[in-house]
Amino acid sequence: MARALKVFRMPIGFHDAYVAAPSRKAALAAWGADRDLFARGIAEEVKDADLMAEPLASPGAVIRRSRGSAAEQMAALPADEKPKARAKAVSRSDAQKPDRAELEQAEQAMENASTNARKTAQEFDRRAAALARERREAERRQTDDIARLTERRDKVAAAYEQATAIWRDR
């Protein structure tokens, strides 16, 4: 035979957590508590029929209910914990406009760095193009020199062969 359900309550912040369970141990398990909150006086059994209706309709489920309105909760706070009201709201006309100078300096520095990077890259491109031209001219001169020297060597070799042939024939 199933045990009779009881309703238990535990405060959680600005809410109360209700659970319908057969025992205090089952209620603690439903809340996920690892300590006996009943022994500490934090949790309690509920006897009010109006507060028991919803949890009894969903046994084992944790039901959360707000403890009063926001105004009632604020009024219940101790004086030293109440949020302090701002002394005077600063109107937009009273507020000083933020200074943009530092941002403008940072943006200008970035623009200068970008410009310098572009100029440096263009200078490297110009120097690379000039070196490529110099290399092509040097290779053309070397090719022309080698062709001219090859032609001269061939003439000198032919003259040597002819002189050697004449010398042997004597």
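Structure: see above.
Residues numbered from 1 in each chain as written. Predicted model: local features only at pLDDT ≥ 70, side-chain atom pairs only at ≥ 80, totals over all residues. Heavy atoms only, no water.

Draft legend 1. Just the overall build of the chain, in detail. Check the secondary structure of the chain and you find four helices and four strands. Overall, the chain shows an N-to-C arrangement of helices and strands of β-β-α-β-α-β-α-α. Here the chain has a C-alpha radius of gyration of 49 Å; the compact-globule value for 170 residues is 15 Å, and the former is much larger. The C-alpha extent of the chain, read off along each of the three principal axes, is 145 × 65 × 25 Å. (Helix = DSSP H or I, 4+ residues; strand = E, 2+ residues; numbered from the N terminus. Rg over C-alpha atoms; globule rule 2.2 N^0.38 Å.)

Draft legend 2. Representation of the environment of Ala 61 in the model. Of note, Ala 61 is situated in the loop between helix H2 (49–57) and strand S4 (63–66). Remark: the alpha-carbon pair of Ala 61 and Asp 169, spanning 108 residues in sequence, is separated by 129 Å. Look past the residues within four positions of Ala 61 in its chain and what remains in contact with it is Tyr 18 and Val 19. (Contact = heavy atoms within 4.5 Å.)

Draft legend 3. Local environment of the environment of Ala 30. With respect to the helices and strands, the residue Ala 30 is situated in helix H1 (residues 24–31). The class of Ala 30 is partly exposed, set by a relative accessible area of 30%. Considered as a pair, Ala 30 and Ile 42 are 12 residues apart in the sequence and their alpha carbons are 15 Å apart. With residues near it in sequence (within four places) discarded, Ala 30 still touches Val 19, Gly 60 and Val 62. (Buried < 20%, exposed > 50% of the residue type's maximum accessible area, 1.4 Å probe, protein only.)

Draft legend 4. Seen up close, the pairing of strand S2 (residues 15–21). Burial of S2 is extensive: six of the seven residues sit out of reach of the surface. As defined by bridge partners, strand S1 (residues 6–12) adjoins S2 across seven bridges and the pair is classed as antiparallel. Note that in S2 the partner of Arg 9 across the bridge is Tyr 18. Counted between consecutive antiparallel strands, the loop separating S1 from S2 contains two residues, among which Gly 13 sits at a positive phi close to 60°. Here S2 runs beside S4; their pairing, made up of four bridges, is antiparallel. Each residue of the ladder has a partner; that of Ala 17, found in S4, is Arg 64. (Pairing = 2+ DSSP bridges.)

Draft legend 5. Structural detail: the nonpolar core. Among the nonpolar cores identified, the biggest contains 11 residues, and these are Phe 8, Met 10, Ala 17, Val 19, Ala 21, Ala 27, Leu 28, Trp 31, Leu 37, Phe 38 and Ala 43. Of all the secondary-structure elements, those providing two or more residues to this core are S1, S2 and H1. Beyond its immediate sequence surroundings of up to four residues, Ala 17 is in contact with Phe 8, Arg 9, Met 10, Ile 12, Trp 31, Val 62 and Ile 63. Listed in part, the six residues of the second largest apolar core include Tyr 18, Ala 20, Val 46 and Met 52. (Core = buried A, V, L, I, M, F, W, Y, C linked by side-chain atoms within 4.5 Å.)

Draft legend 6. Just the sheet that holds S1, in detail. Read across the open sheet, the four strands follow the order S3-S1-S2-S4; overall the sheet is antiparallel. Across the chains shown, the open sheet's two edge strands, defined by having one partner strand only, are strand S3 (44–46) and S4. The sheet shows a mean angle of 35° between the axes of neighbouring strands, taken without regard to direction. With respect to the sheet, H1 is in contact with S1 and S2, its orientation differing from that of S2 by roughly 130°. Sheet strands touched by H2: S1, S2, S3 and S4. Its angle to S4, the strand with the most contacts, is close to 145°. (Axes fitted to C-alpha atoms, helices over the stretch in contact; angles between N-to-C directions.)

Draft legend 7. Fine view of the packing of aromatic side chains. Inspection of every chain in the model, using the stated rule, returns two aromatic pairs. Through a chain of ring-to-ring contacts, the aromatic side chains of Phe 8, Trp 31 and Phe 38 assemble into a single cluster. (Phe/Tyr/Trp six-rings, centres within 6.5 Å; stacked < 30°, edge-to-face > 60°.)

Draft legend 8. Up close: the side chain of Asp 16. Its place among the elements puts Asp 16 in strand S2. Among the polar contacts made by the side chain of Asp 16, one reaches the side chain of Arg 67 at a distance of 2.9 Å. Ignoring any residue separated from it by four or fewer positions in sequence, one finds Asp 16 in contact with Arg 9, Met 10, Pro 11, Ile 63, Arg 64, Arg 65 and Arg 67. (Polar contact = N/O pair within 3.5 Å; in protein donor to acceptor, adjacent residues only side chain to side chain.)

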